[in-house]
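# Close look at the chain arrangement
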Amino acid sequence: MTALASYRQFIASKGSSAVSAGFEPVGLPARLFPHQRRAVEFACNRGRAALFLDTGLGKSGCEAVFADQCARQTGKPSLILTPLAVARQMQRECAAFDVEATVIRDAADVRTGVNIANYERLPRLDASRFGCVVLDESSILKSFNGATKRALIEAFAATPYRLAATATPAPNDHMELGNHSEFLGYLGSMEMLCRWFINDTSTASQHWRLKGHATADFWQWVSSWARAASMPSDLGGEDDGFILPPLHYEVHWIATGAADAPEGMLFRLPSSSATSIHRDKRLTEADRVAKAAEIANATDEPVVVWCETNSESAALARAIRGAAQIGGSDKPEVKESRLEAFLAGRSRVLVTKPKVAGFGLNMQHCNTTVFASLSHSYEQHYQAVRRFHRFGQTRPVTVHVVLPDTEQTMWANVRRKADDHTRLKAFMAEAMRGVEQGAERRAYERTSDVTLPAFMQSEDSHAA
């Protein structure tokens, strides 16, 4: 290798774009929409990629086809990991794209082709057997130092083909993009932060902000290993059929009154402290449950009621006719059975928590949902709402939110995060479009012919 070639290789290695390590897909299903086809082609060509497609844009179909393509390419089984109770739904999605898939519970169940398991089954599987892994609802990587994140990164560090898919890659924090990058084998979270972010708070914290001058370069880097879309047109598709019916919010404030008011005050003031929030939730539980039950009992249509505590869940199940309750402590088989009963229409009302059933499931047969309680997690709220307000929903969706009047700050915070998420998705989609138009970063290459200024030319050159 010449010195010039070595230098050019060195310069190229300093670029931030992810290196392609994939293959050309063949025989893609005709059923793929144009935006899905482009997403699958990108993921296969890249080899290790992320698809940040909003709910209802067909992430599951892209995951199924990618896993199938990788199984054919490697001759080894592919694995799709899903949230609890989503495995059977994913299997049906695979079948819709003519991809044969097996739902597995442990290593003995693994078959050739595509295998599907809940995340909870990961300790029972041998990751080295798979040539491809797909993380459905990959926001499970969000915890910077989380045990689940570390387990997934370590288990599949040597897996040649990897795909992470979620509608909410970083609803509140860019750091979550670093977790996705690290899982895919690109820059680690801390390396990403050191390159494009700054922590300029007065105290050491995890609050990092994107450097102003680094914004374009950062999103260009993300675009080298990810594709994002809020609508099909973001990936060159047509939006017809994907424009959703209206989404309506109705907020019901429950008065806390003078009960338990601080000494010297006539009533309680809004507070954001965890202690005050938990106290107000206990004080208003009966009233919130009564209001949520009133809404759910006022219709014969399917309804999902979300709560935050076991006490709320039990009270709601007692107060609502025909309600099936799913708690976090229920066995996986019980959770799956009750979710299937609701999805099949055998249960009219489902009472559960967003962290239990708020991710991955298709519930378009339901267009009314009630939050009898709320947390600060915007992602959980967004994902729960999008179980209903997604592609395939033909009716307007109504979201009832029942809150103590002292939680106005919390509600405002959730709405602010919603606005932040909307801006982030728009920024990501715009960056992806830039890359699609050929605005990829390239290493500098010297032109072959160089003309020197006159004062630098030798006498021989002048004579020539």
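Residue positions are counted from 1 within each chain, in the order its sequence is given. Reporting in this predicted model follows two pLDDT cut-offs: at least 70 for local features of residues, and 80 or more for side-chain atom pairs to be given and counted; totals over whole chains, interfaces and linings ignore these cut-offs and use all residues. With hydrogens and water stripped out, all remaining heavy atoms of the structure feed into the side-chain values.

### Details of the pairing of strand β4 (residues 114-118)
Consecutive residues of a regular strand have side chains that alternate between opposite faces of the sheet. The element β4 is extensively covered by neighbouring structure, given that 5 of its 5 residues are classed as buried. In this scheme, a residue with accessible area under 20% of its type's maximum is buried, one over 50% is exposed, and one in between is partly exposed, where area comes from a 1.4 Å probe on protein chains only. Put simply, DSSP marks the helices as runs of H or I at least four residues long and the strands as runs of E at least two long, and each gets a number from the N terminus on. In β4, alternate side chains face the same way, and those of V114, I116 and N118 on one face and N115 and A117 on the other are all buried. Two strands pair when backbone bridges link them, and strand β2 (residues 78-82) and β4 are joined in this way by 5 bridges, in the parallel orientation. In the strand pairing of β4, T82 is matched with N118. The pairing criterion for strands is at least two bridges between them, as found by DSSP. Strand direction decides the pairing type here: strand β3 (residues 101-103) and β4, joined by 3 bridges, are parallel. Within β4, the position partnered with A101 by the bridge is V114.

### Concerning the sheet that holds strand β12 (residues 323-325)
The strand order across the open sheet formed by 6 strands is β10-β15-β14-β11-β13-β12, and the pairing between neighbours is parallel. Bordering the open sheet on either side are β10 (247-254) and β12, each of which pairs with just one other strand. Across the sheet, the axes of successive neighbouring strands diverge by a mean angle of 20°, strand direction being ignored. Of the pairings in the sheet, the one linking strand β11 (residues 303-306) to strand β13 (residues 349-352) comprises 4 bridges and is parallel in character. Note on β13: the bridge partner recorded for W306 is T352. To obtain an axis, a line is fitted to C-alpha atoms, over the contacting stretch when the element is a helix, and the angle between two such axes runs from 0 to 180 degrees between their N-to-C directions.

### Considering the pattern of salt bridges
Here, a salt bridge means any Lys or Arg side-chain nitrogen found within 4 Å of an Asp or Glu carboxyl oxygen. Within this structure, the stated rule accounts for 17 salt bridges. Between D54 and R386 there is a salt bridge, and its shortest N-O distance comes to 3.7 Å. Taken together, the residues span a long stretch of sequence, with D54 in the loop between β1 (48-53) and α3 (59-74) and R386 in the loop between α13 (378-385) and β15 (397-404) at a distance of 332 residues. Here D54 matches R386 in class, with each residue buried.

### Looking at helix α4 (residues 87-96)
Inspection of α4 places A87, Q89, M90 and C94 among the buried residues, and these make up the whole buried set. Considered in projection along α4, the buried side chains sweep an arc of 160° and stay on one side of the axis. Buried residues along α4 sit in contact with α3, β2, β3, β4 and β5 (132-136). Two residues or fewer after α4 comes D98, characterised by a positive phi angle close to 60°. By arc we mean the arc of the directions from the helix axis to the C-beta atoms, nothing more. Any two residues whose heavy atoms approach within 4.5 Å at even a single point are treated as in contact.

### Digging into empty space enclosed by the protein
Grid spacing is 1 Å over the protein atoms alone, the probe is 1.4 Å, and a cavity is where that probe fits but cannot get out, while a pocket is an open set with protein on both sides within 12 Å along at least five of seven lines and lining residues have an atom within 4 Å of a point. Grid points are joined across faces, edges and corners, and a volume is the space filled by probe spheres set on the points. Inspection of every chain in the model, using the stated rule, returns 2 cavities of 30 Å³ or more. The calculated volume of the largest cavity comes to roughly 50 Å³. Taken together, F52, A167, P169, A228, A229, S230, K425 and M428 make up the full set of residues lining the largest cavity. Mapped onto the lining of the largest cavity, the elements with two or more residues apiece are β9 (226-229) and α14 (408-436). Polar here means any residue other than Ala, Val, Leu, Ile, Met, Phe, Trp, Tyr, Cys and Pro, which are nonpolar, and Asp, Glu, Lys and Arg, which are charged; Gly is therefore polar. Tallied by class, the residues present in the lining of the largest cavity amount to 6 nonpolar, 1 polar and 1 charged. Of the pockets and cavities examined, the second largest cavity occupies roughly 40 Å³. In terms of lining, the second largest cavity is formed by E308, P354, F371, L374, S375, S377, Q380 and H381. In terms of residue class, the lining of the second largest cavity is built from 3 nonpolar, 4 polar and 1 charged.

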